[in-house]
Amino acid sequence: MITRRHLLETAGAGAALVSAGLTFPKIAQAEISTLDAGLPAGTRGEAVMERLPGKQPLIKLTYRPPNYESPVDYFKTPITPNDKFFVRYHLADIPEKIDAAKWKLSVGGDGAKGTAELTLADLKKLPAVEVVAVNQCSGNRRGLFLPHVAGVEWGNGAMGCARWKGARLKDILAKAGLKAEAVEVVIDGADGPILDKTPDFVKSIPVSKAIEDTTIVAYEMNDAPLPHLHGAPARLVVPGWTGTYWMKHLVSIRAVTKPFEGFWMKSAYRIPIGKFPGARFTSQESIGPNTPITEMMVNSLITTPSEGAKLKSGKSTVSGIAWDGGYGIRSVEVSGDGGKTWQPATLGKDAGKFAFRPWSATVAVAAGAQKIMARATSANGQGQTTELVQNPAGYHHNLYSSVSVTGA
Ligand SMILES: Nc1nc2c(c(=O)[nH]1)N[C@H]1C(S)=C(S)[C@@H](COP(=O)(O)O)O[C@H]1N2
Ligand SMILES: [Mo]
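Because the structure is a prediction, the values reported are computed rather than measured.

Peer 1: Could you give an account of empty space enclosed by the protein, with specific residues and numbers?
Peer 2: Overall, the coordinates contain three cavities of 30 Å³ or more when judged by the stated rule. Here the largest cavity is characterised by a volume of approximately 250 Å³. Along its surface, the largest cavity is lined by 18 residues, and Arg88, Arg235, Gly243, Trp246 and Lys248 are the ones closest to its centre. The residue makeup of the lining of the largest cavity, split by class, is eight nonpolar, six polar and four charged. Composition of the lining of the largest cavity by domain shows at least three residues from each of domain 1 (4-88) and domain 2 (104-147 + 154-292).

Shown next, in the form of structure tokens:
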């Protein structure tokens, strides 16, 4: 008899994937657990937890390409440890290993005065910058959209916050010389499609964002060399902007004088104009519909109590994290009665405007079923929403966060 567990182990064996350059070892542990973090009916009643190499168990969405999210428990600390950090890839042909000693980053493009090639040692000679920043997938919480939208059905965990260390993209561009006419910087990574018809994953950012002091090519994550699944030996870190621009396994950086027309810019990762606040990526608006997604929306997540918790009636601690697109968190409010009344939460340590901001409050829990809620406001006055802002790809889900609990 083929049991569910047997199927999982077979799927994790990876033997058939070796030819594609994917050599994940046989997954050491496959367990099925119930996931109930506020997912709407029909989304996912069960979650498969698997360990990728070097990782704690993560919730599997797809194996090939690897898309794994963090369970809510992993956000109880405002820094997400490397072994608990979500993994997201678009293409199945991800590099098995990159020899950091032989790796080179090429810099050029028609928006550059010349070309340059940097080794990892060259990168480390440039002034090092450290930034604590949230990497959140544009489609985080897509699985919570009603009506459902197509795509990887992420719950709450397609995000993480780490301390990134690297060289400024601006200093790297200066090695080739940036022309005044450059409008965008195009970034490519070492992974590629298996089928010819799948477009390669290449992204661009406006020059204005590329030359910000906190936009870096990172080679360290939480004081460790960048782990392979997070883009070794170096990745782009674009604090404030969604994860789609955070190119892993960087191979080339090109300054260009015309908007970059690749599929993942022109056709994908776009949102309706005017429905969301945040920076506009205007050079891209002339070549495709709508506008590219940019900054993350202000958001929060309750990490304690957990969904479905049974609590003693009386006073109960509520805690969690809040973040936004790089303005910083001004305040968080909490409701113990499903949104009827709100009280301010106490903000925890500020690790910078791009980081998860911890918060906590004490609420009164009554007997019976009730909803605990949280809502954050950013330093520029943006708040979370009470109604989903519908968009075709299910981006920017930032409804008030909530957990259902029962008081006894
Ligand atoms: N080379 C490469 N870089 C990539 C991607 C990819 O598919 N390939 N996906 C991007 C997206 S959409 C996200 S959300 C982040 C996820 O980063 P992580 O896997 O380190 O968590 O990587 C980005 N960088
Ligand atoms: Mo993403």
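Peer 1: Kindly report on the packing of aromatic side chains, identifying the contributing residues and their values.
Peer 2: Counted by the stated rule, this structure contains twelve aromatic pairs. Residues Phe75 and Phe356 carry aromatic rings whose centres are separated by 6.0 Å and whose planes lie at 90° to one another, so their mutual orientation is edge-to-face. Note that Phe75 is positioned in the loop between strand 4 (67-69) and strand 5 (87-88) and Phe356 in the loop between strand 23 (346-347) and strand 24 (357-365), a separation of 281 residues in sequence. Given the relative accessible area of 2%, Phe356 is considered buried. Ring geometry for Phe85 against Phe86: centres 5.8 Å apart, planes inclined by 20°, an arrangement best described as stacked. Accessibility assignment for this pair places Phe85 and Phe86 in one class, buried. Three or more aromatic residues joined by ring pairs make a cluster, and in this case those are Phe85, Phe86, Trp154, Trp164 and Trp246.

Peer 1: Hey, could you go over the site of ligand 1 for me, with residue numbers and the actual values?
Peer 2: By nearness alone, 19 residues border ligand 1, and Phe86, Asp191, His230, Arg235 and Lys248 come closest of all. Measuring from a nitrogen atom of ligand 1, one finds a side-chain N or O atom of Asp191 at 2.7 Å. At 2.5 Å from an oxygen atom of ligand 1 is found a side-chain nitrogen or oxygen belonging to Lys248. Relative to its unbound accessible area of 530 Å², ligand 1 is 100% covered by the protein chains. Cavity membership is defined here by more than half of the atoms lying within 2 Å of grid points; on that basis ligand 1 lies in the largest cavity. The residue makeup of the shell around ligand 1, split by class, is ten nonpolar, five polar and four charged. Shared between two domains, the shell around ligand 1 holds at least three residues of each, these being domain 1 (4-88) and domain 2 (104-147 + 154-292).

Peer 1: Help me get a handle on helix 3 (residues 169-176), residues and values and all.
Peer 2: Helical geometry note: an α-helix holds 3.6 residues per turn, so side chains three or four residues apart project in the same direction. Taken together, the buried positions of helix 3 are occupied by Leu169, Asp171, Ile172, Leu173 and Ala176. Taken from the residues just after helix 3, Gly177 is the one with a positive phi, measuring 90°.

Peer 1: Any details on the pattern of salt bridges? Residues and values, ideally.
Peer 2: All told, the structure shown has 13 salt bridges when counted by the stated rule. Residue Lys76 is joined to Asp73 by a salt bridge in which the shortest nitrogen-to-oxygen separation is 3.5 Å. Residue Asp73 is classed as partly exposed on the basis of its relative accessible area of 46%. With its nearest N and O atoms 3.0 Å apart, the salt bridge here joins Arg375 to Glu333. Note that Arg375 is positioned in strand 25 (residues 368-378) and Glu333 in strand 21 (residues 329-335), a separation of 42 residues in sequence. For Glu333, a relative accessible area of 25% gives the class partly exposed. If you follow the salt bridges from partner to partner, you end up with Arg168, Lys170, Asp171 and Asp213 in one network.

Peer 1: Can you break down the confidence of the model for the protein residue by residue, with the values?
Peer 2: Put simply, the protein has an average pLDDT of 90, and 89% of its residues get 70 or more. A low-confidence stretch, residues 1-43 stays under pLDDT 50, and its non-local contacts, those more than four residues away or across chains, total 84 contacts.

Peer 1: Let's hear about the nonpolar core: which residues, and what values?
Peer 2: Among the nonpolar cores identified, the biggest contains 67 residues, and Leu123, Trp164, Ile172 and Ile253 are the most heavily contacted of them. Considering each element in turn, this core owes the most residues, five residues, to strand 12 (residues 216-221). Here this core gathers at least three residues from each of two domains, domain 2 (104-147 + 154-292) and domain 3 (299-407). Residues within four places of Ile253 in sequence aside, it is in contact with Leu105, Ser106, Val107, Gly108, Leu169, Ile172, Leu173, Val185, Val186, Ile187 and Val217. Listed in part, the 19 residues of the second largest apolar core include Val332, Ala361, Val363 and Ile372.

The rules behind the values
Residues numbered from 1 in each chain as written. Chains lettered and ligands numbered in written order. Predicted model: local features only at pLDDT ≥ 70, side-chain atom pairs only at ≥ 80, totals over all residues. Heavy atoms only, no water. 1 Å grid on protein atoms, 1.4 Å probe; cavity = no way out; pocket = protein on both sides within 12 Å on 5 of 7 lines; lining within 4 Å. Points joined across faces, edges and corners; volume = space filled by probe spheres on them. Nonpolar A, V, L, I, M, F, W, Y, C, P; charged D, E, K, R; others polar. Domains from an automatic or database assignment. Phe/Tyr/Trp six-rings, centres within 6.5 Å; stacked < 30°, edge-to-face > 60°. Helix = DSSP H or I, 4+ residues; strand = E, 2+ residues; numbered from the N terminus. Buried < 20%, exposed > 50% of the residue type's maximum accessible area, 1.4 Å probe, protein only. Near = heavy atom within 4 Å. Polar contact = N/O pair within 3.5 Å; in protein donor to acceptor, adjacent residues only side chain to side chain. Areas by Shrake-Rupley, 256 points an atom, 1.4 Å probe, with all protein chains shown as cover. Sits in = over half its atoms within 2 Å of the grid points. Salt bridge = Lys/Arg side-chain N within 4 Å of Asp/Glu carboxyl O. pLDDT = per-residue confidence, 0-100. Contact = heavy atoms within 4.5 Å. Core = buried A, V, L, I, M, F, W, Y, C linked by side-chain atoms within 4.5 Å.

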